[in-house]
2 protein chains.
Amino acid sequence: MKGLISWFGFKVWRFLERAWEIGVDDPRKVIHCLKLGLALTLISFLYFMRPLYEGFGKNAMWAIMTVVVVYEQTVGATLYKSLNRMIGTSVAGFLAVGVHWVATQSGQKYEPFIVGIFVFILGSAATFSRFIPIVKARFDYGALIFILTFSLVTISGYRVDELLKMAQQRVSTIIIGTSLCTIVIMLVCPVWAGEELHNLIILNMNKLANSLDGCVTLFFNNVDQNNEESQTKLLGYKSVLSSKGNEESMANFARWEPAHGQFNFRHPWEQYLKIGAAIRRCAYCIEALNTCLTSDNHKASQVIKKQVKGSCLRLSSIFSSAVKELGKSIQSMRKPSTVNLFGEMNNAVQELQNDLKSISDSLNLSPPSNPQSLPTLMEIIPLVTFVALLIEIASRVEVISNAVEELGNVAEFKDAESPKKSKQNQNN
Amino acid sequence: MKGLISWFGFKVWRFLERAWEIGVDDPRKVIHCLKLGLALTLISFLYFMRPLYEGFGKNAMWAIMTVVVVYEQTVGATLYKSLNRMIGTSVAGFLAVGVHWVATQSGQKYEPFIVGIFVFILGSAATFSRFIPIVKARFDYGALIFILTFSLVTISGYRVDELLKMAQQRVSTIIIGTSLCTIVIMLVCPVWAGEELHNLIILNMNKLANSLDGCVTLFFNNVDQNNEESQTKLLGYKSVLSSKGNEESMANFARWEPAHGQFNFRHPWEQYLKIGAAIRRCAYCIEALNTCLTSDNHKASQVIKKQVKGSCLRLSSIFSSAVKELGKSIQSMRKPSTVNLFGEMNNAVQELQNDLKSISDSLNLSPPSNPQSLPTLMEIIPLVTFVALLIEIASRVEVISNAVEELGNVAEFKDAESPKKSKQNQNN
């Protein structure tokens, strides 16, 4: 018995410890929770004030309910749910009153059947509409609320006489709930979906650059793989691989947000998705690049390795500065100043290809008299694969660059500033 | 004006056409919608029957509400939401009655403040718990319902005297709603999350095999790329790349499902996630392989190409039969009979490496007198990359195989049957 209690206590303690770690790791989560507490407390005080209660009667609880279900982490998600809830409720209420009128006209005997048929048809149709991509992306929650309100109002309409008054009260309480929720979420440490998407893309770019850098350095220098920090850097691309869903939902929510910070109301969020996809395509290549590190036949002849090391390291450092530069350009919302970098990149690719050519010549023209000093094709396969993937990455980085440039045009980024100014900007 | 109407009519027509296409494409979606209509109609008839109404009063509408919000596409998701709703409501109701008692003991003046403090603390804590991974995976909806019920009951408790009766009624109506919903979803053409996951993994395996096949054939035969069917096959791996989220949510829901079809209650669904991850790793490689097809420098010398064509095609056909075989083994829930295939695969890899070796020798030992007839290293880089990636895929296919074997052990698959029997089984 004692053992059981101590075991249980230990489990609870572990759970609290985990929770504490999560909180320390990302204090914004804690703020998110406190904000919900605040919104709930505010709405409960509203409820305790007689005037509101007397005006709405039992319907006042719909305001509390609205706060709980509409409250989300980002402003965009909350606005999306708020507007969907209002639109869904209004449209459904309007239709339900009409159906109720038709049903009562047909006499008490047929009423349940007419109501049943309408609930069946409209319920099914609204559910089906949720499968249509554009409805799914923008009005999924609204369709759910439509079904809910429509069924509640038509069915309960059988009993309640003051249908119109009830509908109006319900809409008012929902407006009170959503307004309070929106005010709390927008005024107390707001988290904007658009800004989150913006930062996520920049973060992914930096992760990509670090992974690429780490991978190439490791391949040529054989530095210690077990160093934890370098390992985290190296594997950063993995979180890029799986961030698609997150990006898409952020972009969906960002659409609903008003102008905030550097972003206008109709900021081209879809363009961020294109950039995200380009980054992911680069990450696939890095994944393949990583296998050259870990594959068993990693015995690329040191002689040849030395010949391409210089140009490979240069190329990868140009890549990562280009990607980081693109990230900075998004961050500062200025047109990317990567023209020079891409010239350099092309030069580096050319240089690498020249290196390969000279290796190729040396292989082809080697006198058969002294085959030991030269590596065979078999021995340099991992190296050749590595270099080929690196060259492929060059073209994919250009795709990222084009996508960022397009974003710059559509979102009307300012012109690139001189490097000096840019530094000042960062210090602010 | 006339133009506007015809434009609007055209838009509506297009929308309906799209909807029709979606329905024809996947009739299960239509069935899903009709099932919700059925559940709603049933619950509305229950509502129209006096006894239920008189028993529960206005709380009867909670049954309708429960049906709408708990209804999901798969049995697992519906059960997850149903159980979470019941648990969340019960726990919150129980706690809320306690808090209400404490609040009333302290006198009418302090009551709102005590209620406010409790709502703040428990609301925040429950919201925070949703960030903890295990709670998120299994009790996310329950935590939301907890907050909702707790706030509603504590706050409205200030007015309603019959708190216990109300709580009991609410739980009863929720039980009625969830039972009806569960019955409809389990009896009328049920869609099981577990089965969906099972089929998704098998489908992804087939897509992977087809992509790989198509890619290798295209590389060596230069068949028409614009053929639509072969293009779909070739790009099948793309949907594998982004199926992670889907797999994870299916596995989460499948946990809640009772034994159905071939699956026991505690079928090891997490193992399917491991297989899915292994499939995805293979797909990353195929993505890189595809770049060898489309890269501009696709001029691999035809002489060399012919030398490895045989072994490459053989290897890829072994891959795809191995992957398809693994898929079939999951489908029939028998242990994979791929032992032979892997022997063959290793032989094919060996053969390919021998081919490379002989090419390597011919390059190294070529007399400088006639350099025109032999390709240079530069020319065969895409080919070498292609072959290296193919060999890498061999090791990744083995990872899939190991994961499937582990599934076979954990889920106690039957032993592999003889090929003859297996065919009979398929015909059934």
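Draft legend 1. Focus on the overall build of chain A. When you go through chain A residue by residue, the secondary structure sums to 17 helices and 0 strands. Every one of the 428 residues in chain A was classed for burial, and the buried ones make up 51%. At a minimum sequence separation of 6, the contacts of chain A that also span at least 24 residues come to 82%.

Draft legend 2. Spatial organisation of the nonpolar core. Core analysis: the largest hydrophobic core is formed by 146 residues, its most contacted members being Ile275 and Ile400 of chain A together with Ile275 and Ile400 of chain B. For Ile400 of chain B, the residues in contact, after removing those within four places along its chain, are Met205, Leu208, Ile275, Ala278, Ile279, Cys282 and Leu326 of chain B.

Draft legend 3. Region of the structure containing helix H4 (residues 61-70) of chain A. Burial analysis of H4 of chain A places 10 of its 10 residues in the buried class, which makes it a mostly covered element. Taken residue by residue, H4 of chain A has Met61, Trp62, Ala63, Ile64, Met65, Thr66, Val67, Val68, Val69 and Val70 of chain A as its buried positions. Buried residues along H4 of chain A sit against helix H2 (27-48), helix H5 (75-105), helix H7 (133-156) and helix H8 (163-187) of chain A together with helix H4 (61-70) and helix H7 (133-156) of chain B.

Draft legend 4. Layout of the relation of the copies chain A and chain B. Note on the identical chains: chain A maps onto chain B by a rotation of 180° and an axial translation of 0.0 Å, with an RMSD of 0.1 Å. The superposition operator between the copies reduces to a two-fold rotation axis. Rotation axis and chain A: the residue whose C-alpha lies nearest the axis is Thr385 of chain A, separated from it by 2.3 Å. With an isologous cut-off of 70% or more, the 100% of interface residues of chain A that recur at the interface of chain B puts this contact in the isologous class.

Draft legend 5. Highlighting the domain arrangement of chain A. Residues and elements named next belong to chain A. Each domain of chain A was delimited in the assignment, giving domain 1 (2-187) and domain 2 (193-427). Interface area for domain 1 against domain 2, summed over the two sides, is near 920 Å², with a carbon-plus-sulfur share of 69%. On the domain 1 side of the interface with domain 2, the three residues burying the most area are Thr74, Tyr80 and Arg138, jointly 38% of the side's total. Linking domain 1 to domain 2 there are 1 salt bridge. Arg28 is the partner of Glu196 in a salt bridge, and the nearest nitrogen-oxygen pair spans 2.8 Å. Remark: the boundary between domain 1 and domain 2 carries 2 residue pairs in polar contact (both at pLDDT 80 or more).

Draft legend 6. Structural view of unusual backbone geometry. Residue and element names in this part refer to chain B. Located in the positive-phi region is Cys189, a residue other than glycine, with phi close to 35°. Looking at Cys189, the relative accessible area reads 44%, which means it is partly exposed. A positive phi angle, close to 50°, is found at Glu412, a residue other than glycine. Of the residues examined, Glu412 reaches a relative accessible area of 68% and is grouped as exposed.

Draft legend 7. Broad picture of a nonpolar patch on the surface. There is a patch of nonpolar side chains on the surface, built from Leu4, Trp7, Phe8, Val12, Trp13, Phe15 and Leu16 of chain A together with Ile134 of chain B and spanning about 880 Å² of accessible area. For Val12 of chain A, the position within the fold is in helix H1 (residues 2-25).

Draft legend 8. Quick peek at the pattern of salt bridges. Inspection of the entire model under this criterion finds 22 salt bridges over all chains. Its salt-bridge partner being Glu72 of chain A, residue Lys81 of chain A comes within 3.1 Å of it at the nearest N-O pair. For Glu287 of chain B, the salt bridge identified is with Arg281 of chain A, shortest N-O distance 3.2 Å. Highlighted residues: Glu287 of chain B in helix H13 (residues 269-294) and Arg281 of chain A in helix H13 (residues 269-294), drawn from two different chains. The exposure class of Arg281 of chain A is partly exposed, given its relative accessible area of 39%. Three or more residues are tied together by salt bridges with common partners; here these are Arg281, Glu392 and Arg396 of chain A together with Glu287 of chain B.

Draft legend 9. The arrangement of the interface of chain A and chain B in detail. Contacts between chain A and chain B engage 82 residues on the former and 82 residues on the latter. When chain A packs against chain B, the two sides together hide about 8100 Å² of surface, and 76% of this comes from carbon and sulfur. Viewed at the interface, chain B and chain A are joined by 4 salt bridges. A salt bridge links Glu287 of chain B to Arg396 of chain A; the shortest N-O distance between them is 2.9 Å.

Draft legend 10. Spotlight on helix H6 (residues 111-129) of chain B. Compared with the 27 Å implied by 1.5 Å per residue over 19 residues, the 27 Å span of H6 of chain B between its first and last C-alpha is a close match. Within H6 of chain B, burial applies to Glu111, Pro112, Val115, Gly116, Val119, Gly123, Ser124, Ala126, Thr127, Phe128 and Ser129 of chain B. Here the buried face of H6 of chain B lies against H1 and H2 of chain A together with helix H5 (75-105) and H7 of chain B.

Draft legend 11. The packing of H5 of chain B against H7 of chain B, seen in detail. Residue and element names in this part refer to chain B. H7 packs onto H5 with a crossing angle of 35° between their chain directions and a minimal axis gap of 7 Å. The chirality of how H5 crosses H7 is right-handed. Looking at side-chain class alone, the contact of H5 with H7 contains 13 nonpolar, 8 polar and 4 charged residues.

Draft legend 12. The packing of aromatic side chains, seen in detail. Residues and elements named next belong to chain A. Across all of its chains, the model carries 23 aromatic pairs over all chains by this definition. Note on Phe139 and Trp256: the rings are 6.2 Å apart at their centroids and 90° apart in plane angle, and the pair reads as edge-to-face. Placement of Phe139 in helix H7 and of Trp256 in the loop between helix H12 (244-254) and H13 is noted, with a sequence separation of 117 residues between them. Looking at Phe139, the relative accessible area reads 39%, which means it is partly exposed. Here Phe219 and Phe386 contribute two aromatic rings whose centre-to-centre distance is 3.9 Å and whose plane-to-plane angle is 5°, an arrangement assigned as stacked. One end of the pair, Phe219, is in helix H9 (residues 193-221); the other, Phe386, is in helix H16 (residues 381-410), with 167 residues separating them in the sequence.

Draft legend 13. Looking closely at the side chain of Asp140 of chain B. Residue and element names in this part refer to chain B. Summarising the element assignment, Asp140 is placed in helix H7. A distance of 3.0 Å separates polar atoms of two side chains, one belonging to Asp140 and the other to Arg130. Apart from the residues lying within four places of it in its own chain, the contact partners of Asp140 are Tyr80, Asn84, Arg130 and Val135.

Draft legend 14. Spatial organisation of the packing of H2 of chain A against H6 of chain B. Their axes nearest at 8 Å, the elements H2 of chain A and H6 of chain B cross at an angle of 150°. Looking at the two axes, H2 of chain A sits roughly antiparallel to H6 of chain B. For the element pair H2 of chain A and H6 of chain B, the recorded crossing hand is right-handed. Facing H2 of chain A, whose interface residues are Val30, His32, Cys33, Leu34, Leu36, Gly37, Leu38, Leu40, Thr41, Ser44, Phe45 and Phe48 of chain A, H6 of chain B presents Pro112, Phe113, Val115, Gly116, Val119, Phe120, Gly123, Ser124, Thr127 and Phe128 of chain B.

Draft legend 15. Main features of the environment of Ala416 of chain A. Residue and element names in this part refer to chain A. Structurally, the position occupied by Ala416 is in the loop between H16 and helix H17 (419-427). Sequence separation of Ala416 and Met333 is 83 residues, and the distance between their C-alpha atoms is 9.0 Å. Aside from chain neighbours lying at most four places away, what touches Ala416 is Arg334, Lys335 and Ser337.

Draft legend 16. Layout of the environment of Pro190 of chain A. Residues and elements named next belong to chain A. By secondary structure assignment, the location of Pro190 is in the loop between H8 and H9. Taking the C-alpha atoms as reference, Pro190 lies 9.8 Å from Lys35; in sequence the two are 155 residues apart. Once residues lying within four places of it in the same chain are set aside, the contact partners of Pro190 are Lys35, Val75 and Ile185.

Draft legend 17. The side chain of Ser320 of chain A, seen in detail. Within the element layout of this structure, Ser320 of chain A appears in helix H14 (residues 302-332). Not counting residues within four places of it along the chain, the set of residues in contact with Ser320 of chain A comprises Ala209 and Asp213 of chain A.

About the thresholds
- Throughout this document, residue positions are counted from 1 along each chain, in the order its sequence is written.
- Written order determines the labels here, with chains lettered from A and ligands numbered from 1.
- Reporting of local features is limited, given that this is a predicted model, to residues whose pLDDT is at least 70; pairs of side-chain atoms are given and counted only at 80 or more, and all residues count toward the totals for whole chains, interfaces and linings.
- Excluded from the side-chain calculations are hydrogens and water; all other atoms, namely the structure's heavy atoms, are used.
- Only DSSP runs of H or I reaching four residues or more are called helices, and only runs of E reaching two or more are called strands; each is numbered from the N terminus.
- When accessible area is computed with a 1.4 Å probe and restricted to protein chains, residues below 20% of their type maximum are described as buried, those above 50% as exposed, and intermediate ones as partly exposed.
- Should any heavy atoms of two residues lie within 4.5 Å, those residues are counted as being in contact.
- Buried Ala, Val, Leu, Ile, Met, Phe, Trp, Tyr and Cys residues that are joined via side-chain atoms within 4.5 Å together make up what is termed a nonpolar core.
- Here the copies are superposed with least squares, the fitted atoms being C-alpha atoms of residues at a pLDDT of at least 70 in both.
- What counts as a domain boundary in this text is fixed by an automatic or database domain assignment.
- Each of two parts loses accessible area, computed with a 1.4 Å probe, when they are put together; buried area is these two losses added.
- Salt bridges are defined as contacts in which a side-chain nitrogen from Lys or Arg sits within 4 Å of a carboxyl oxygen from Asp or Glu.
- Any N or O atom pair separated by 3.5 Å or less is treated as a polar contact, with the protein-specific requirement of one donor-capable and one acceptor-capable atom, and with residues adjacent in sequence counted only for side-chain atom pairs.
- Residues enter patches when they are more than 30% accessible in relative terms and free of salt bridges; like-charged ones are connected within 9 Å and nonpolar ones (Val, Leu, Ile, Met, Phe, Trp, Tyr) within 5 Å.
- Note on areas: Shrake-Rupley, 1.4 Å probe, and residue coverage restricted to the protein chains presented here.
- Expected span of a helix: the number of residues minus one, times 1.5 Å.
- All axes here are fitted lines through C-alpha atoms, helices being fitted over the stretch that makes contact, and every angle between N-to-C directions spans 0 to 180 degrees.
- In a left-handed crossing the near helix is turned counterclockwise from the far helix by less than a right angle, and in a right-handed crossing that turn is clockwise.
- Each residue is assigned to one of three groups, with Ala, Val, Leu, Ile, Met, Phe, Trp, Tyr, Cys and Pro labelled nonpolar, Asp, Glu, Lys and Arg labelled charged, and all others, Gly among them, labelled polar.
- Whether two aromatic rings pair depends on their centres lying within 6.5 Å, for rings of Phe, Tyr and Trp, where Trp uses its six-membered ring; planes under 30 degrees apart make the pair stacked, over 60 edge-to-face, and the rest tilted.
- Roughly parallel means an angle under 35 degrees; roughly antiparallel means over 145; roughly perpendicular covers 65 to 115; every other angle is labelled oblique.

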